[in-house]
Every structure is written in C-alpha cells, then in structure tokens.
Amino acid sequence: MIYGKLIEEKLNKSIRESAHELLAFGLLLEKDIVYRDENIASNKWGKPYLKDYPDVKYSISHTDGYIACVISDNMPVGIDVERIRDFNEYAARRVCDDAERQYIYSSHNPNREFFKLWTLKESYIKAIGKGLSSPMKKANFILTKDERVKSNRLGCRFALLEDEADYITAVCYLMNWRIRDHEQLYSI
Amino acid sequence: MFNLIIKTMQEFVDLDEENITEETHFLLDLNLTSYDIVSMIGKLESDLGIEISDRDIRQLDTVGALSKYIISKLK
C-alpha cells in the first residue's frame, strides 16, 4: 500500500523522522510489525531492510512539506516524492535523454513534467536498490496523453500519483524480480 | 577545488560553509537529496568539462572524496 502525508512547516522533529513514523504506521497496520523494535540492515548500496522480515519490502521518501512510503509483499519496490519547483538544466542533462528533454521543454508545464520523469527514474533506482550508482539516464519514459507511463525497463510497473497539486509521487514495483541475499536481483 | 565544490553546492542548497570540512558527508551531514547531488555533479561537469560516471558517484560521499576525484580527472 502507498501512504502519503502533507507535513506542516513547523515541526519539532525532522522530516526524515516523520517519514519513518509513517512507515512504522504502515508496517503496524499491514503486517503487525513494530518498526522501532526491528533490526534494520542495509545492502551494500545503503538500501535498508528488516533483518527478520526479508520478504517485506518497503521504501520511503520525503521532500519539502510531504512524506510518503510504500510497503509491498516480496516485490521489490521504490518510491520518490518531490515538490514541484523550478528544475535546473544540469540535473535534466544528467538524467534525461534527448527525447525526454524535448518532451519537457515542449510541454505546457516543464517543471511538472521534469519532476514526473525525475520521480519515475528515482523510484526505479530505489526499487533495484542501487541508489545513484545506477544510471538514471538509462531508465527512459514516455508519458502519454491519456496519462499512461511507458518505460524501457522490462518487468517493472510504475504508478504516478498527483493527489496534491504541488507534489509528484512515483512508485516502481519490480513485478518479475526478486532480490537474493538483499543485493542480487534475479528474474522469476 | 574544495572551495569550488562548496560554492557549487551553495547554488542549489543553503549551506553554512564554516562547518564544512573534507570529511563532511553529503547525505549524513548536509542532508543533501539525490536531486541536490545530481544537480551539483551536473554543474561541476559542465563548468570543468569533465565526466563523472554514475558508478563512481556512490564512492564520492564526502566533500574531500569528490575534491580528490575531480583533481585526478583534471590531471
């Protein structure tokens, strides 16, 4: 299940803590797991997992004013949320191919379209668990007029959520993949 | 190079440069996001005419590590 929540500006805790609280809520609701009692381990790229519940996959994300998480049974998953703001050309050149940049600049709202592509790419690299060491430029997307997401990443399902006007959330599920020893992806 | 990295970071995020050392970690100490890091790397590539591979980014987690890496690329 996917969870998302707007966060008030003045909090007495960090947004990262709030995101972990949202995850704790979801784990308790869906799995009867008390997150604060669990041992958290990380793969060699830094992606965390529950040591005693290796089949419970989750991902969290936070941005200025919004937190989100996703929990999945066995299926590797990644989530990213971003506040829509002015994007910079350096990031666009580094992660988008020519067709994607053309799509962004010819759209009515380049900032929104850039962050749709950014969150989709980020959700993918978080799902495969390799962080920024995985080339974001190779995960390419076409956003159709009827709001479908087409991707060159086989075996992945993507969801793009725009529940809040100023935020974009993307989720990637690796449908036909599992993770061996928390690191090695293999096809099923 | 150390100062150039700080100046570049400041184009994308608010930072107090007084507290930054070679050991300062981009994620753990400065709370930079992936987007901040990619923006900074992209700007440094553009300004210096170098290429920083995705494979190497993971190792470049401190200001000092990135500084040394860029100097080696420029030689």
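Located above this text is the structure these notes cover.
Computed from a predicted model, the values in this text were never measured in an experiment.

Q: I keep staring at the pairing of strand E10 (residues 167–174) of chain A and nothing clicks. Help me out?
A: Residues in a regular strand point their side chains to alternate faces of the sheet. Residue and element names in this part refer to chain A. In terms of residue burial, E10 counts as a mostly covered element, since eight of its eight residues are buried. Of the two faces of E10, the one carrying Tyr-167, Thr-169, Val-171 and Tyr-173 and the one carrying Ile-168, Ala-170, Cys-172 and Leu-174 are both buried. The pairing of strand E6 (residues 77–83) with E10 spans seven bridges and is classified as antiparallel. Paired with Val-77 across the strands is Tyr-173, a residue of E10. Pairing analysis gives six bridges linking strand E9 (residues 156–161) to E10, with the strands arranged antiparallel. Bridged to Phe-158 within E10 is Cys-172. Here E9 folds back onto E10 in antiparallel fashion, the turn holding five residues.

Q: Please explain the sheet that holds strand E1 (residues 2–6) of chain A as it appears in this structure.
A: Strand pairing in a sheet relies on backbone hydrogen bonds, with the paired strands running either antiparallel or parallel. All names here are of chain A. Ordered by their spatial adjacency, three strands build an open sheet running E1-E5-E4, and the pairing between neighbours is antiparallel. Lying at the two open borders of the sheet, with one neighbouring strand each, are E1 and strand E4 (56–63). The sheet shows a mean angle of 10° between the axes of neighbouring strands, direction not considered. Both E1 and strand E5 (residues 66–73) contribute to a ladder of five bridges, which runs antiparallel.

Q: Honestly, the interface of chain A and chain B in this entry has me stumped. Any pointers?
A: How large an interface is tends to be reported as the accessible area lost when its parts come together. In this assembly, 15 residues from chain A lie in contact with 13 residues from chain B. Of all the elements in the fold, those that place two or more residues in the side of chain A that touches chain B are helix H2 (89–95) and helix H4 (110–128) of chain A. The leading source of residues in the side of chain A that touches chain B is H2 of chain A, at five residues.

Q: Could you clarify how one ought to interpret the packing of helix H3 (residues 98–105) of chain A against H4 of chain A in this entry?
A: Any two packed helices are characterised by the angle at which their axes cross and by the distance between the axes. Residue and element names in this part refer to chain A. Contact pair H3 / H4: the axes reach a minimum separation of 8 Å and the direction vectors enclose 145°. Between H3 and H4, the residues in contact are Glu-100, Tyr-103, Ile-104 and Tyr-105 and Pro-110, Glu-113, Phe-114 and Leu-117, respectively. Classifying every residue of the contact of H3 with H4 by side-chain character gives six nonpolar, no polar and two charged.

Q: Help me out: how do you make sense of unusual backbone geometry in this one?
A: What you tend to see is this: most non-glycine residues have negative phi, and most peptide bonds are trans. Residue and element names in this part refer to chain A. One non-glycine residue, Asp-32, lies in the positive phi region at around 60°. Overall, Asp-32 belongs to the exposed group, with 7 C-beta atoms counted inside 10 Å. With a phi angle near 65°, Glu-147 is a residue other than glycine that sits in the positive phi range. According to the C-beta neighbour criterion, Glu-147 is exposed, with 8 such atoms within 10 Å.

Thresholds applied
- Throughout, residues of each chain are indexed from 1 in the direction in which the sequence is written.
- Written order determines the labels here, with chains lettered from A and ligands numbered from 1.
- Totals for whole chains, interfaces and linings use all residues, but because this is a predicted model, local features are given only for residues with pLDDT of at least 70 and pairs of side-chain atoms are given and counted only at 80 or more.
- Counting other C-beta atoms within 10 Å of a residue's C-beta gives its exposure: the residue is buried at 20 or more, exposed at 12 or fewer, and partly exposed in between, where C-beta atoms are placed from the backbone.
- The way it works is that DSSP assigns letters per residue, a run of H or I at least four long becomes a helix, a run of E at least two long becomes a strand, and they are numbered from the N terminus.
- Strand pairing follows a simple DSSP-based rule, namely that at least 2 bridges must link the two strands.
- Think of each axis as a best-fit line through the C-alpha atoms, taken over the contacting stretch in the case of a helix, with angles from 0 to 180 degrees between the N-to-C directions.
- Residues are defined as contacting one another if the C-beta atoms placed from their backbone atoms lie within 7 Å.
- Ten residue types, Ala, Val, Leu, Ile, Met, Phe, Trp, Tyr, Cys and Pro, are classed as nonpolar, four, Asp, Glu, Lys and Arg, as charged, and the remainder, Gly among them, as polar.

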